[in-house]
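Each chain, letter by letter, is given below.
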Amino acid sequence: MMAPNRWDPASRALLRPLRLASDRSRSLLARVSRHPARPSRSLLVSLLGADALSPLDQDCILEQVRRMLRLSEEDGRVVAEFQAMHAAAREAGFGRIFRSPTLFEDMVKCILLCNCQWTRTLAMATALCELQLELRHSSGTEVLELRTPPIRELKRKRGKNRNVRVKLETKFTELECLEDPRVETAEDARVATGTSDVITHLETDEKSASLPQVAPETGSACQSFDSSELSLEGCIGDFPTPEELAYLDEDFLAKCCNLGYRAERIGLLARSIVEGKVCLQNLEEMQKMSLPATEELSTIPSTYERLNNELTTISGFGPFTRANVLMCMGFFHMIPADTETIRHLKQCHKIASTIKSVHMELDKIYGEYAPFQFLAYWFELWGFYDKQFGKIAEMDPSTYRLFTASALKKQHRLVRK
């Protein structure tokens, strides 16, 4: 629900910018949807604004999609084991929790969840993406030196150029990501080049690690985007990188994006990453190396604690933020608890709890699903949301701000009456 993600309920497609490996300052608008020819086992990833992509950029784009949708072999193992103990989740096809294409974006968004209402969280994420768009259309070096980007002037300068870009001939690149979440298989990437498009195929095959070459595919990718989506090119800012945020003035950042005290924490995190004090790659490698498919589930808490201790050294990362970050990294035995968790237990389980006692109550309710307590909790929570608001996947994104505790309490009172 948080920017720059845009879910289109009509076409059931996700739109958002994704970064290129060859130029991390550049993003392309991506559209992820079910493949029309193979909807049960394939995803189609279409990119707006690219003539052709290098193999490095193709791999980078697909890796971001895999991370967002948790399409790795390890993710498949987790889903299978959780669904084996949770029949309702298996029936609903539930088990993959959406996350960001990068750990940094996950970490910042976890900070945005702290000590504020959901509507403000959404607004802060949107403001950060709007700021990134302004930075992208300005002289980056000048902005970082002055630490005060002239936003209003930039908007005026950008307007005409942006309209021209949309009207001019637009070229696309399509990436076709094929996967079957029900089985664990090896992936083999092949590249087929047409006259103007580059198409990457990722196919699953359990019997052979070497698959035959795919014939080149040609044709316009414009069919992947409708007219309203085409108009978004150049209008959606990506989520800022550490490099884009590291040396911005924190007072400016707080005022521009209404971050409050979070501006200092986000700025410090970004600088720590840029200066090498925090290495996100090391954190992710620690998680991957510590959780091979053959590792016993009983070792997960110790792995969790090692990473939790690493995150503790980052200023501003309290228990709730750390638990959310680690959930995004793939640890589901700990449920990040806040006032929404307390509301849910009271409203759905008739259990009154506090921040101090809530984890004990959560263990009583969801302990049978260890080490996937969070997945069981999230399945139940979103089932509750569906009953209260209607099918969430079919809701217009403008209504996401209604997902507040006060709105749920009001709905509950109306039902009781």
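For the structure itself, consult the block above.
What comes next concerns the included structure. None of the values given here were measured: they were computed from a predicted structure.

## Structural notes on the overall build of the protein chain
Here is step 1: Across its full length, the protein chain holds 18 helices and 7 strands.
Here is step 2: Buried residues in the protein chain amount to 49% of all 417 residues.
Here is step 3: A total accessible area of about 20,800 Å² is found for the protein chain, and carbon and sulfur atoms account for 52% of it.

## Notes on the packing of aromatic side chains
Here is step 1: Following the criterion strictly, the structure yields 12 aromatic pairs and no others.
Here is step 2: Consider the rings of tyrosine 304 and phenylalanine 331, whose centres lie 5.7 Å apart with planes at 80°: the pair is edge-to-face. Taken together, the residues tyrosine 304 in helix H13 (residues 300-312) and phenylalanine 331 in the loop between helix H14 (319-329) and helix H15 (339-349) connect sequence positions 27 residues apart.
Here is step 3: Here tyrosine 304 falls in the buried class, since its relative accessible area comes to 5%.
Here is step 4: Aromatic side chains phenylalanine 374 and tryptophan 378 sit 5.1 Å apart centroid to centroid with 20° between the ring planes, which places their arrangement in the stacked category. One end of the pair is phenylalanine 374 and the other is tryptophan 378, both in helix H17 (residues 373-389) and 4 residues apart, which spans about a single turn.
Here is step 5: Members of the aromatic cluster, connected to one another through ring pairs, are Phe332, Tyr366, Phe374, Tyr377, Trp378, Trp382, Phe384 and Tyr385.

## Observations concerning the state of the cysteines
Here is step 1: Scanning the model with the defined rule gives 0 disulfides in all.
Here is step 2: Distance from the sulfur of cysteine 257, which forms no disulfide, to the nearest cysteine sulfur (cysteine 256) is 4.2 Å.
Here is step 3: Residue class for cysteine 257 comes out buried when judged on its relative accessible area of 1%.

## Overview of the nonpolar core
Here is step 1: Met107, Leu112, Leu128, Leu245, Leu253, Leu259 and Leu375 are the most contacted members of the largest nonpolar core, which totals 76 residues.
Here is step 2: Here the element with the most residues in this core is helix H5 (residues 118-136); it accounts for 9 residues.
Here is step 3: Excluding its chain neighbours within four sequence positions, the residues that come into contact with leucine 112 are Met2, Thr121, Met124, Ala125, Leu128, Leu259, Arg262 and Ile266.
Here is step 4: In this structure, Leu14, Ala30, Leu47 and Leu53 belong to the second largest nonpolar core, which totals 15 residues.

## Examining the environment of leucine 131
Here is step 1: Of note, leucine 131 is situated in helix H5.
Here is step 2: As a C-alpha pair, leucine 131 and glycine 237 span 106 residues in sequence and 7.4 Å in three-dimensional space.

## Examining helix H11 (residues 262-274)
Here is step 1: Taking 1.5 Å per residue, 13 residues should reach 18 Å; H11 reaches 18 Å between its end C-alpha atoms and fits that length.
Here is step 2: For H11, every residue scored as buried is listed here: Arg262, Ala263, Ile266, Gly267, Leu269, Ala270, Arg271, Ser272 and Ile273.
Here is step 3: One or two positions beyond H11, positive phi appears at glycine 276, with a value near 85°.

## Thoughts on the pattern of salt bridges
Here is step 1: With the rule as written, the count across this model stands at 13 salt bridges.
Here is step 2: Aspartate 238 is paired through a salt bridge with arginine 16; the nearest N and O atoms lie 3.1 Å apart. Here the residue aspartate 238 occupies a position in the loop between helix H8 (227-230) and helix H9 (242-245), and arginine 16 occupies one in strand S2 (residues 13-19), the gap between them amounting to 222 residues.
Here is step 3: Note on arginine 16: relative accessible area 2%, which makes it buried.
Here is step 4: We note a salt bridge from arginine 67 to glutamate 284, for which the minimum N-O separation is 3.3 Å.

## Notes on the packing of H15 against helix H16 (residues 358-366)
Here is step 1: The geometry of H15 relative to H16 is characterised by a closest axis approach of 11 Å and an angle of 50° between their N-to-C directions. Put simply, H15 runs oblique to H16. Crossing geometry of H15 relative to H16 is assigned as left-handed. Every residue of H16 that contacts H15 at Thr341, Ile342, His344, Leu345 and His349 is listed here: Val358, Glu361, Leu362, Ile365 and Tyr366.
Here is step 2: A per-class count over the contact of H15 with H16 returns 6 nonpolar, 3 polar and 1 charged.

Cut-offs and rules
- Residues numbered from 1 in each chain as written.
- Predicted model: local features only at pLDDT ≥ 70, side-chain atom pairs only at ≥ 80, totals over all residues.
- Heavy atoms only, no water.
- Helix = DSSP H or I, 4+ residues; strand = E, 2+ residues; numbered from the N terminus.
- Buried < 20%, exposed > 50% of the residue type's maximum accessible area, 1.4 Å probe, protein only.
- Areas by Shrake-Rupley, 256 points an atom, 1.4 Å probe, with all protein chains shown as cover.
- Phe/Tyr/Trp six-rings, centres within 6.5 Å; stacked < 30°, edge-to-face > 60°.
- Disulfide = S-S within 2.5 Å.
- Core = buried A, V, L, I, M, F, W, Y, C linked by side-chain atoms within 4.5 Å.
- Contact = heavy atoms within 4.5 Å.
- Expected span 1.5 Å × (residues − 1).
- Salt bridge = Lys/Arg side-chain N within 4 Å of Asp/Glu carboxyl O.
- Axes fitted to C-alpha atoms, helices over the stretch in contact; angles between N-to-C directions.
- Parallel < 35°, antiparallel > 145°, perpendicular 65-115°, else oblique.
- Left-handed = near helix turned anticlockwise from the far one by under 90°.
- Nonpolar A, V, L, I, M, F, W, Y, C, P; charged D, E, K, R; others polar.

Any link to function would need more than the numbers given here.
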